[in-house]
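The chain contents come next:
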Amino acid sequence: MVKFVILISVVLLSVYLTEQAHFLSKEYVNKINEVAKTWKAKQNFPENTPREDIVRLLGSKRLLGLNKSPIKENDILYVDNGEVPEFFDSRLEWKNCKTIGEVRNQGNCGSCWAHGTTGAFADRLCIATDGEFNELISAEELTFCCHTCGFGCNGGNPLKAWKYFKRHGVVTGGNYNTTDGCQPYRVPPCVRDDEGHNSCSGQPTERNHKCSKKCYGDETINYKKNHYKTKDAYYLSNTTMQKDTMVYGPIEASFDVYDDFTSYESGVYQKTENASYLGGHAVKMIGWGVEEGTPYWLMVNSWGEQWGDKGMFKILRGTDECGVESSCTAGVPSV
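What you see is a predicted model, and the numbers here were worked out from it, not measured in a lab.

Engineer: Please explain the overall build of the chain as it appears in this structure.
Structural biologist: Each helix and strand counted, the chain has eight helices and ten strands in total. Projected onto its principal axes, the C-alpha positions of the chain cover 75 × 50 × 40 Å. When each of the 335 residues of the chain is scored for burial, the buried share is 56%. As displayed, the chain offers around 15800 Å² of accessible surface, 50% of which is attributable to carbon and sulfur atoms.

Engineer: Sorry, what's going on with the state of the cysteines here?
Structural biologist: Here is the idea: a disulfide is a covalent bond, and it sits between the sulfur atoms of two cysteines. Counting across every chain of the model gives six disulfides. The disulfide partner of Cys97 is Cys126, and the S-S distance across this bridge is 2.1 Å. Classification of the bridge connecting Cys97 and Cys126 rests on its S-S torsion, roughly -95°, and on that basis the disulfide is left-handed. In this pair, Cys97 is assigned in the loop between helix 4 (90-93) and helix 5 (112-128) and Cys126 in helix 5, connecting sequence segments 29 residues apart. Covalently, Cys145 is tied to Cys211 through a disulfide, its sulfur atoms 2.1 Å apart. Taking the torsion about the sulfur-sulfur bond, which here is approximately 100°, the covalent link between Cys145 and Cys211 counts as right-handed. With a gap of 66 residues between them, Cys145 in helix 6 (residues 139-145) and Cys211 in the loop between helix 7 (158-167) and strand 4 (234-236) connect regions that are remote in the sequence. The pair Cys145 / Cys211 is uniform in exposure class, with both members buried. For Cys322, which is in no disulfide, the shortest distance to another cysteine sulfur is to Cys328 and amounts to 13 Å.

Engineer: Would you mind going over unusual backbone geometry with me for this structure?
Structural biologist: Among all residues save glycine, negative phi is the norm, and among peptide bonds the norm is trans. A positive phi is found at Asp320, a non-glycine position, where the angle reads about 55°. Relative to the helices and strands, Asp320 resides in the loop between strand 9 (312-316) and strand 10 (328-330). Residue classification places Asp320 among the partly exposed residues on the basis of a relative accessible area of 30%. In the Ramachandran plot, Cys322 falls in the positive-phi region, its phi being about 55° despite a non-glycine side chain.

Engineer: What is the right way to read the UniProt feature "domain: Peptidase C1A papain C-terminal" (unreviewed entry) in the chain from this model?
Structural biologist: Per the UniProt record, "domain: Peptidase C1A papain C-terminal" (unreviewed entry) is found at residues 84-332. Taken end to end, residues 84-332 comprises 18% helix and 20% strand; its first and last C-alpha atoms sit 20 Å apart.

Engineer: Can you walk me through the side chain of Arg124 in this structure?
Structural biologist: With respect to the helices, strands and loops of the structure, Arg124 is situated in helix 5. Given the relative accessible area of 0%, Arg124 is considered buried. Arg124 has contacts with Trp162, Tyr234, Asp244, Thr245, Tyr248, Gly249, Pro250, Ile251, Ala330, Gly331, Val332 and Pro333, leaving out every residue within four places of it along the chain.

Engineer: How do you make sense of the side chain of Glu252 when you look at a structure like this?
Structural biologist: Along the chain, the position of Glu252 falls in strand 5 (residues 251-258). Residue Glu252 is classed as buried on the basis of its relative accessible area of 0%. Engagement of the side chain of Glu252 in a polar contact is seen with the side chain of Thr329, the distance being 2.5 Å. Setting aside chain neighbours within four positions, we find Glu252 in contact with Gly116, Thr117, Ala120, Pro158, Trp162, Ala282, Val283, Ser327, Cys328 and Thr329.

Engineer: Before we go on, may I ask you to explain the environment of Gly280 in this structure?
Structural biologist: If you trace the backbone, Gly280 turns up in strand 7 (residues 277-291). Distance in space between the C-alpha atoms of Gly280 and Thr262 is 13 Å, their sequence separation being 18 residues. Sequence-distant contacts of Gly280, defined by excluding residues within four places in its chain, comprise Leu58, Gly59, Ser60 and Phe255.

Engineer: Quick question: what am I supposed to make of the layout of surface pockets here?
Structural biologist: Empty space among the atoms becomes apparent when a probe as large as a water molecule is rolled across them. Roughly 280 Å³ of volume is contained in the largest pocket. Taken together, 14 residues form the lining of the largest pocket, with Val35, Ala36, Thr272, Glu273 and Asn274 sitting closest to its centre. Counting residues per element, the lining of the largest pocket draws most heavily on helix 2 (residues 26-35), at four residues. Counted by class, the lining of the largest pocket contains six nonpolar, four polar and four charged residues.

Engineer: Can you walk me through helix 8 (residues 241-248) in this structure?
Structural biologist: Every α-helical turn comprises 3.6 residues, leaving residues that sit three or four positions apart pointing alike. With seven of its eight residues buried, helix 8 lies for the most part within the structure. Listed as buried for helix 8 are Met241, Gln242, Lys243, Asp244, Thr245, Met246 and Tyr248. The positive-phi residue at the C-terminal boundary of helix 8 is Gly249, with phi of around 115°.

Thresholds applied
Residues numbered from 1 in each chain as written. Predicted model: local features only at pLDDT ≥ 70, side-chain atom pairs only at ≥ 80, totals over all residues. Heavy atoms only, no water. Helix = DSSP H or I, 4+ residues; strand = E, 2+ residues; numbered from the N terminus. Buried < 20%, exposed > 50% of the residue type's maximum accessible area, 1.4 Å probe, protein only. Areas by Shrake-Rupley, 256 points an atom, 1.4 Å probe, with all protein chains shown as cover. Disulfide = S-S within 2.5 Å. UniProt positions renumbered as here; feature names shortened; annotations may be inferred. Contact = heavy atoms within 4.5 Å. Polar contact = N/O pair within 3.5 Å; in protein donor to acceptor, adjacent residues only side chain to side chain. 1 Å grid on protein atoms, 1.4 Å probe; cavity = no way out; pocket = protein on both sides within 12 Å on 5 of 7 lines; lining within 4 Å. Points joined across faces, edges and corners; volume = space filled by probe spheres on them. Nonpolar A, V, L, I, M, F, W, Y, C, P; charged D, E, K, R; others polar.

Below you can see the structure in the form of structure tokens.
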């Protein structure tokens, strides 16, 4: 009987250990730094974080393997191919739009799809109005009110988010624990303390909130009149991503996340050979350039400023690295 109990204990311990995200360990990070040629890794999450906690942050339900439609191929305002610059940063192009470089924190919720799209939409509204509109769009409303987009904290489809903007519109809304805008984000952020503990570690995924039909942030705002819309919703090809950004502003970009990406620190990310697939993720693309001979896309993540390069990262451009050039989405604001 004692031997049986010991055996069961060993089995349970081994199961527990396999549930831990081994790819967050210092040893794994060191291995990445031994083989990665264009980027550096660091420990962004406590190494005892369960794998499922990381997977829960990945909520882009893009339509893999299906024909993407509509794809925007041209625009009268697009520049010619030869006029696309080697370096472009939306933060520098539109300095008065404060939201472009803002790094948000989605918390313990797979709402990256909502942050990537509302982030790009807010930037585009600022650009389209020459700075008259200069605030965040509500990731809260999109996450929990767009039932056709997906499953709230359990993921959603970015193109359907843009279609929601076109059909229904979306209100303003700032960050957690603020009264900025009509509907600020209500999911607490994931933050790491001085001892390395993450506030979201071991916590269940945020339960989907009830869709609110009123302004609870700045209560002086008229909920019905506060909805902003787009004229359209579309995918972008690898040949139009840059042109669309140069005219209208940042776009949403979805890509496949592998376990080495979670430990990104700096440089131009490329998947290392033995990295394992975790899920689909959505971010905001704000520019591009070349670093030490390696072309990159400049991205704003939604895992807080403690992750990566102050919340941002670069990923290899021109080779569809991790599918990043396969399903970008956007829309033109209706102003």
